[in-house]
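Listed below are the residues making up each chain.
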Amino acid sequence: MSTPASNAAIDNDTMKPSGNSFTVMFIDDNTLLIDALERRLHLVPGFSGMFRVSDFTKSVEEVVMARPTIVLLDVDIPGGVDAEAILAGIVRSAPDSRVIMCTGHPSSALIGRTMAAGAWGFISKGASSNRLIEGILRVVGGEAVIELED
Amino acid sequence: MTPGPDTQLAANANDAERHQHHVQRKEVLGTLASGMAHELRNIVMPVLLRLDVLSASAELPESARSDLTSIRKSMRHLQHLSEGLRLLSPDAAIQPAERPTTRLASWWADFRSVVVDTLPMHASVSADFPETLPLVAVPQSVLAQAVMSLILDALPAAATVSHPSLRLYVTEDDDVLRLSVEKNFRRFEQTPDSRAIGSPTRSHRDTSMRFGLYASRELLNQYGGDLIREVTDEHVQITITLRRVTPLGTHPAQRIRVLVEDQRVLAVVRLLMQQRGISAVEPNDLGPVDLIICDAGTLPLARHSISTSPGVDVVVLGSKPADGPELSEVRWLDVSDVGALFAAFG
């Protein structure tokens, strides 16, 4: 797991975001997307760092250690890793981290299933960049979101 | 000399083989299109995010800002195109990936580019889908593949017409929408015959032929829709009938009381209502309501509303407790969790 950027406002005792700040962990193999999202989120007041997962099979453990405010979880993780099992693990072991499912293939069945399993939101990679950012911020603020194609 | 029975059988077999080959080719193209759509999305979103970052720079000259706007517009076009391509996946029609409802205006926004690119350059394509049209009960991919099958089956004929034109428009009836596909080119040897709405489908084709018109009709039938052909001297008109969606809570006039403890579940319920333009009654509004959404923990709080709201529908997220109120005028809805609530809301 790589740690957030050095300007991250993290409480060292609790590793929770301090004040109104928030952190994001993006569980996805698309590093182009993660890098771009991190750059974009640095424009957002309160964003204090992006976590990355180095070993997808240990995603839940890495969430438990980092305790990010938001987990963006790609549905199609390589290597046969089951994203829904990761969701269940996060809900069980790190319930304070709010999971947003993220996929290029949104599915009504998948939306219903993952929202029932404890996800706070569902964002399609076909949504606009603004809706992706707004979706993250709304979940930080306690709302549920479903952002499909524009 | 008339052909003998054996010759006729062989000809029929050849036709069937040719048709199957045709359909399989479309399926392969659909799979390729869907794969390309996935890759496009993985590329487009990072570009859009980087454009946001560049646009936020205060030192950017006006000309560069204008360039960025143009690039963003192109990227958004690519994103719509990728969504249109994704709808062509053969798997998408058999096991629809997206929600089982379609808003025609946004469906067309995604699918238009694919249709235009499929037809000859000089073809004219027009469509009229007002934003105000109600939701229809069919997945976007099933509708996309039905329309694409109509176009592909007649595509060779489009090249022989000086001004090929395709027009799509909708008329509304009580419980159905009729999507008319009107074109001035035709080639319908594989098209189902004209028949009355609601009459049984008489297809002897292999239903695994997902891209054929028979398969399209059967898929539409599964969602309460249909596909009918009418031929005049001037043009061929296909009418796709689509059932209106009438899910829970679609009437803005409905009064809904939400009594849910769990913060996340409450957020989800609010989202579902917000998406449908409905809002919950204020906590201090003690008047009768049409629908109560509660959970096992808040059921005692719901009792007052139940007793003052004859005929109220009650959604209990989680199973109804054995000692729950047994009131004859209450209709308990089978909504056990948030996933089922999604289905109930449509």
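So, a few notes on the structure that sits alongside this text. Within each chain, residues carry numbers counting from 1 in the order of the written sequence. Think of it this way: whatever chain is written first is A, whatever ligand is written first is 1, and the rest follow in order. Local features in this predicted model are restricted to residues whose pLDDT is 70 or higher, and side-chain atom pairs enter the listing and the counts only when it is 80 or higher, whereas totals over whole chains, interfaces and linings include all residues. Side-chain numbers here rest on the full set of heavy atoms in the structure, without hydrogens or water.

**As for the overall build of chain B**
(1) Moving on: Numbering of helices and strands runs from the N terminus; a helix is a DSSP stretch of H or I covering at least four residues, while a strand is a stretch of E covering at least two. The secondary structure content of chain B amounts to nine helices and nine strands.
(2) Moving on: Relative accessible area decides the class of each residue, using a 1.4 Å probe on protein chains only: under 20% of the type maximum gives buried, over 50% gives exposed, and in between gives partly exposed. Each of the 346 residues in chain B was classed as buried or not, and the buried ones make up 48%.
(3) Moving on: For this analysis, residues touch if any pair of their heavy atoms sits within 4.5 Å. Sequence separation of 24 or more characterises 67% of the internal contacts of chain B that already satisfy a separation of 6 or more.
(4) Moving on: The accessible surface values rely on the Shrake-Rupley method and a 1.4 Å probe; as for residues, cover is taken only from the protein chains in view. Split by element, the accessible area of chain B, about 17,300 Å² in all, is 54% carbon and sulfur.

**Re the sheet that holds strand S4 (residues 98-103) of chain A**
Residues and elements named next belong to chain A.
(1) Moving on: Strand pairing is defined by DSSP finding a minimum of two bridges between the two strands. Taken together, the six strands give an open sheet; going across it, the order is S2-S1-S3-S4-S5-S6, and neighbouring strands pair in parallel fashion. At either margin of the open sheet sits one strand with a lone partner, and together these are strand S2 (47-52) and strand S6 (145-147). Averaged over all adjacent pairs, the angle separating strand axes in this sheet is 20°, with direction ignored.
(2) Moving on: Across the face of the sheet, helix H1 (residues 31-41) comes into contact with strand S1 (22-27), S2 and strand S3 (70-74) while running at roughly 170° to S2. Angular values range over 0 to 180 degrees, each being the angle between N-to-C directions of two axes fitted as lines to C-alpha atoms, with helices fitted over their stretch in contact.

**Things to note about helix H2 (residues 59-66) of chain A**
Residues and elements named next belong to chain A.
(1) Moving on: Restricting attention to buried positions, one finds in H2 the residues Ser59, Val60, Glu62, Val63 and Ala66. Each buried residue of H2 sits inside an arc of 165° when the element is viewed along its axis, so together they form one side.
(2) Moving on: Backbone geometry just after H2 places Arg67 at a positive phi near 50°. The arc in question is formed by the directions pointing from the helix axis toward the C-beta atoms.

**Section: the interface of chain B and chain A**
(1) Moving on: Contacts between the two partners involve 34 residues from chain B and, on the opposite side, 41 residues from chain A.
(2) Moving on: Taken together, both faces of the contact between chain B and chain A bury some 3,100 Å²; the carbon and sulfur share is 60%.
(3) Moving on: Whenever Lys or Arg places a side-chain nitrogen within 4 Å of a carboxyl oxygen from Asp or Glu, that contact is recorded as a salt bridge. Put simply, chain B and chain A have one salt bridge between them.
(4) Moving on: With a closest N to O distance of 3.0 Å, Asp52(B) and Arg40(A) form a salt bridge.
(5) Moving on: Broken down by secondary-structure element, the contributors of at least two residues to the side of chain B that touches chain A are helix H1 (5-55), helix H2 (62-86), helix H7 (263-275) and helix H9 (338-345) of chain B.
(6) Moving on: No other element matches H1(B), which puts 11 residues into the side of chain B that touches chain A.
(7) Moving on: Considered class by class, the residues forming the side of chain B that touches chain A number 13 nonpolar, nine polar and 12 charged. The term buried area denotes the loss of accessible surface (1.4 Å probe radius) that occurs when two parts are joined, taken as the sum for both partners. Just so you know the grouping, Ala, Val, Leu, Ile, Met, Phe, Trp, Tyr, Cys and Pro go in nonpolar, Asp, Glu, Lys and Arg go in charged, and all remaining residues, Gly too, go in polar.

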